[in-house]
Amino acid sequence: MSPKNLIGAFYLNPMPDELHNLLLSIDNLLNGAAAEESAGFDPYLYDEETKRIDNNNEFVLPDIIGILPIRNAVAFPGTVTPLAIGRKRSKALLADTEPNESIIGLLTQRDSETDTPNFDNLYSVGTAASVLKITKLPHGPVHILVHGIARFRIVEKITTKPYLKAKIQPLSTKVKMTKKLRALIVSVRQTANRVIALSPNVPEDASVLLENIEDPSALADFLAANLNVEIGEKQQLLEELDAAKRLERISYILANQLDVLELSHKIQGRVRESVEKSQREYFLQEQLKVIQSELGQKDLRTEELKQIGQNIAAATMPKKVEQEALRELDRLSKIPPASPEYSVIRTYLDWVCELPWSIQTQDRLDINKAQRVLNTDHYDLRKVKQRILEFLAVRKLNPTGKSPILCFVGPPGVGKTSLGKSIARAMGRKFVRISLGGIRDEADIRGHRRTYIGALPGRILQELRKCRSRNPVFMLDELDKIGSDFRGDPASALLEVLDPEQNVSFSDHYLDQPFDLSGVMFIGTANYMEPVPPALKDRMEIIELPGYTETEKLNIAKKYLIPRQIKEHGLSKKICTIKDETILAINRGFTREAGVRNLERNIAAICRAVATEIAKGNKRRATITKKDTVTILGPVQFESELALRTGIPGVATALAYTPVGGELLFIESASMPGKGQLQLTGQIGDVMKESAQTAFSLVKANATKLNIESERFSKFDYHIHVPAGAIPKDGPSAGVAMFTSLVSLLLGKPTRPDIAMTGEITLRGLVLPIGGLKEKILAAKQAGIKTVILPARNKKDLPEIPKEAQKDLTFEFVKNTDDALKIILDTH
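A quick note: this is a predicted structure, and the numbers were derived from the prediction, not measured.

A.B. asks: Can you break down the overall build of the protein residue by residue, with the values?
C.D. replies: When helices and strands are counted, the protein shows 27 helices and 24 strands. Across the 828 residues of the protein, 47% fall into the buried class.

Dropping the structure here:
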């Protein structure tokens, strides 16, 4: 309901004096200036003498009446409506109209924008009205007051000049009082009274008029005139002659308006409660300040702001950052502590003050002492140690030089992470390590913006805050295992961190201020570099840490692993002794790795067994020999695989490089009747599949040269399998082995069991160089291989392989597949 027009309808029964006086008072409260020829449904009383009533106490309407178009409103019987008349035709109608005597027809325009409407632009059903009063002003529109009498329908259009005139047919409403209609009247009155109670600026006495309307049709018209609905819907209510249906529709509209008002009232109540609570807290805070002042106590908030200011000054941050921090502190002083923004700014200032803007450790530039530390912590690793000593030498001569960005690449267990700790100890710096494996969100590196709830800086600044130094040794572990998704690419975020030209002003999203990372010595680690983006790889100095030889593992075990495990298990060298032959037996029979992680795990198992016997009192000391390994560790897990490669045509041994070190692969080929198709299994990747296709095509192209019948390629299908089937494999270096396997199968000649091979092939039969040479040679030696076939272009890399790894191995360097077959199958 419109609060302004709530009381605007009168029925035709005599009006009580007290109701008359009530309406007069309501009229004084409500104002009702209407737009030009549009209704404002304000309660104006009409003179009882203006009624035209026949013998049956009903109005008698003339057959032909003048039509006054109105817009943006619908007039209902029983309503008193003020109108402002300004259009020429409407004024012509008023010129022929006498107040309290003339009857005019009020029809609503379909389109309110039309200034000169015709019958086509008007609804056909309207309200006949009596003109109660006409007020003419010297300048401006004519104001009239009309009272709705009855509904009518246009049956014939008479004329449009000088004003609209039509023949009409009065419409009588249908009212059949039933129990359902009485219940509907009660329900509508209750809903309307509730709407009046919730509507602002409407007197509560307005409900009195509502209760005094007994006629269902008059009640429906009274409510319809004051509903806040579209003009089209009001027109439908006017055209509905059945009072019961009209009331049903009005009941539905009132219910919707009541829901909106109740929800609005509920929201306003909550807002009022929140405001009152904030005002109450503010008032109590001010009272508390006064009380504390009277007692001579300090204001806690003032002390807190003062302490933050002192922290900003003590942090000795750059001038620009300090200005931003002071600006945020000034904002903090003006915000109530209960505000959510208060805690956001306070947390930000804490982070800014606690970052090590100027705190750093002094580098230990004693080259000889640093070398002793590195040698004490790690065995061999000559290249890495030499690079660190070079850095320290340069730093000693040029203290302002930039820190290098190193990346250690090698299989698991070779000591990449522990080497980073050793470097920090040798340089006298603090050590920080974060694992990047599996992170997918760029915010892990650069942080979240402060607009997010619970935002924090990225891992880089978090770790610098923890270590309280701006120049630690910072290890970024598992660079090859970074992921990416819709939240961003962390590897791309690292480009700024690992670029010495950019990280001098690294910008974290949360801090939103430049932080100098140029003093940090970043060290990355990875098992292999293929997954690392080229741009990130280009920013780092790659240092490879290949697998250890058997002698190196023995020395590492004696010097580092055994003493550490004896100490961790509460033993001593006198109580527990592990012989060299035991370490070699463990390495050969219980581990198959490039590093020493599983070796240390088995040594720990031996120490636990000794500790158990000593704790039981069964032994006072123990010396572990080769025979004891089976008793303590169980049966041997790895044996020489030579037996698997003997006497079977179609089987060749390949050497492969994996993230965990070198491996032996058995390439198996088989043939069966078919149409010359090639099938590949063993969970091999796309590159390895292409190598197999190349090998197959090379065999077919050189069939005559190899004394192979060409019919065998059209009458047989071929199958190449690479065990184990559950392990993914990829890479081109098995090309020579696949070619050899197919030739061995087709010629019926088995390959030599003590030969392993590696190399990529082309369709011309050339053998191309490969990588991971040391790991492959170590795998061949550990498996009992005697001869290794290598590409001729890898001969230059052989001096990098330790002499111990080359011992007892024969290396054959081949330029093409013909050279390889001469050695492997003894074909001349």
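A.B. asks: Summarise the state of the cysteines; cite the residues concerned and give the values.
C.D. replies: Within the structure shown, the criterion is met by 0 disulfides. Here cysteine 576 is not disulfide-linked; the sulfur of cysteine 607 is the nearest cysteine sulfur, at 4.8 Å. The class of cysteine 576 is buried, set by a relative accessible area of 2%.

A.B. asks: Can you lay out the packing of helix α3 (residues 179–198) against helix α5 (residues 216–226) for me, pointing to particular residues and giving the numbers?
C.D. replies: Relative orientation of the contacting elements α3 and α5 amounts to 30°, with a least axis distance of 11 Å. One finds that α3 runs roughly parallel with respect to α5. Crossing hand, α3 versus α5: left-handed. On α5, the residues that touch Leu181, Ile185, Val188, Arg189 and Ala192 of α3 are Pro216, Leu219 and Leu223. Here the contact of α3 with α5 is composed, by residue class, of 7 nonpolar, no polar and 1 charged.

A.B. asks: How would you sum up the pairing of strand β3 (residues 103–108)? Please name residues and give values.
C.D. replies: Counting buried residues along β3, 6 of its 6 residues qualify, which places the element largely inside the surrounding structure. The side-chain alternation of β3 yields two buried faces, one formed by Ile103, Gly105 and Leu107 and the other by Ile104, Leu106 and Thr108. Summarising the sheet, strand β1 (residues 64–70) and β3 pair through 5 bridges and their orientation is parallel. What sits directly across from leucine 68, in β3, is leucine 106. Two strands pair when backbone bridges link them, and β3 and strand β4 (residues 125–135) are joined in this way by 4 bridges, in the antiparallel orientation. If you follow glycine 105 over to β4, its bridge partner there is alanine 128.

A.B. asks: Could you give an account of empty space enclosed by the protein, naming the residues involved and the relevant values?
C.D. replies: Here the structure, examined in full by the defined rule, presents 1 cavity of 30 Å³ or more. There is about 40 Å³ of room inside the largest cavity. Looking at the largest cavity, the residues that line it are Lys402, Ser403, Ile405, Pro500, Asn503, Leu517, Ser518 and Val520. Classifying every residue of the lining of the largest cavity gives 4 nonpolar, 3 polar and 1 charged.

A.B. asks: Which residues make up the packing of helix α22 (residues 686–701) against helix α24 (residues 735–747), and what values go with them?
C.D. replies: The contact between α22 and α24 brings their axes to 9 Å, and the two run at 40°. Regarding the angle of α22 to α24, the classification is oblique. Remark: the crossing between α22 and α24 carries right-handed chirality. The segment α22 lies against α24, with Met688, Ser691, Ala692, Ala695, Phe696, Leu698 and Val699 engaging Gly735, Met738, Phe739, Leu742, Val743 and Leu746. Looking at the contact of α22 with α24, its residues break down into 11 nonpolar, 2 polar and no charged.

A.B. asks: Describe helix α8 (residues 300–314), naming the residues involved and giving the relevant values.
C.D. replies: Here α8 is 15 residues long and its end C-alpha atoms lie 21 Å apart, about the 21 Å a rise of 1.5 Å per residue gives. Here the buried face of α8 lies against α9 (319–334) and α10 (340–354). Residue threonine 316 follows α8 closely and has a positive phi angle near 45°.

A.B. asks: Quick rundown of the pattern of salt bridges? Include the residues and the values.
C.D. replies: Under the criterion given, the structure shown has 34 salt bridges. Of the charged contacts, one joins arginine 433 and aspartate 477 as a salt bridge, the two residues approaching to 2.9 Å between their closest N and O atoms. A residue pair is termed long-range when its members are at least 10 positions apart, and arginine 433 in strand β8 (residues 431–435) and aspartate 477 in strand β9 (residues 473–477) qualify at 44 residues. By relative accessible area, arginine 433 is classed as partly exposed at 39%.

A.B. asks: Explain helix α15 (residues 459–467) to me, using residue names and the numbers behind them.
C.D. replies: Inspection of α15 places Ile460, Leu461, Gln462, Glu463, Leu464 and Cys467 among the buried residues, and these make up the whole buried set. Immediately beyond the C-terminal end of α15, within one or two residues, lies arginine 468, with a positive phi of roughly 55°.

A.B. asks: An account of the sheet that holds strand β13 (residues 541–544) is needed here, citing residue identities and associated values.
C.D. replies: Strand pairing in a sheet is mediated by backbone hydrogen bonds. Such pairs are either parallel or antiparallel. An order of β8-β9-β12-β7-β13 is seen for the 5 strands of this open sheet, with the pairing classed as parallel. Of all the strands in the sheet, just β8 and β13 have a single pairing partner and so form its edges. For this sheet, the mean inter-axis angle between neighbouring strands, taken without regard to orientation, is 20°. Sheet topology places β8 next to β9; 5 bridges connect them, and they run parallel.

A.B. asks: Any details on the packing of aromatic side chains? Residues and values, ideally.
C.D. replies: With the rule as written, the count across this model stands at 6 aromatic pairs. Aromatic side chains tryptophan 357 and phenylalanine 515 sit 5.0 Å apart centroid to centroid with 55° between the ring planes, which places their arrangement in the tilted category. Residue tryptophan 357 is located in the loop between α10 and α11 (367–377), and its partner phenylalanine 515 is located in strand β11 (residues 514–515); the two are separated by 158 residues in the primary sequence. Just as tryptophan 357 is buried, phenylalanine 515 falls in that class too. Across from the ring centre of tryptophan 351, 3.9 Å away, lies the NZ or CZ of arginine 465, which sits over that ring.

Reading the values: rules and limits
Residues numbered from 1 in each chain as written. Predicted model: local features only at pLDDT ≥ 70, side-chain atom pairs only at ≥ 80, totals over all residues. Heavy atoms only, no water. Helix = DSSP H or I, 4+ residues; strand = E, 2+ residues; numbered from the N terminus. Buried < 20%, exposed > 50% of the residue type's maximum accessible area, 1.4 Å probe, protein only. Disulfide = S-S within 2.5 Å. Axes fitted to C-alpha atoms, helices over the stretch in contact; angles between N-to-C directions. Parallel < 35°, antiparallel > 145°, perpendicular 65-115°, else oblique. Left-handed = near helix turned anticlockwise from the far one by under 90°. Contact = heavy atoms within 4.5 Å. Nonpolar A, V, L, I, M, F, W, Y, C, P; charged D, E, K, R; others polar. Pairing = 2+ DSSP bridges. 1 Å grid on protein atoms, 1.4 Å probe; cavity = no way out; pocket = protein on both sides within 12 Å on 5 of 7 lines; lining within 4 Å. Points joined across faces, edges and corners; volume = space filled by probe spheres on them. Expected span 1.5 Å × (residues − 1). Salt bridge = Lys/Arg side-chain N within 4 Å of Asp/Glu carboxyl O. Phe/Tyr/Trp six-rings, centres within 6.5 Å; stacked < 30°, edge-to-face > 60°. Lys NZ or Arg CZ within 6 Å of the ring centre and 35° of its normal.

Structural measurements only, silent on function.
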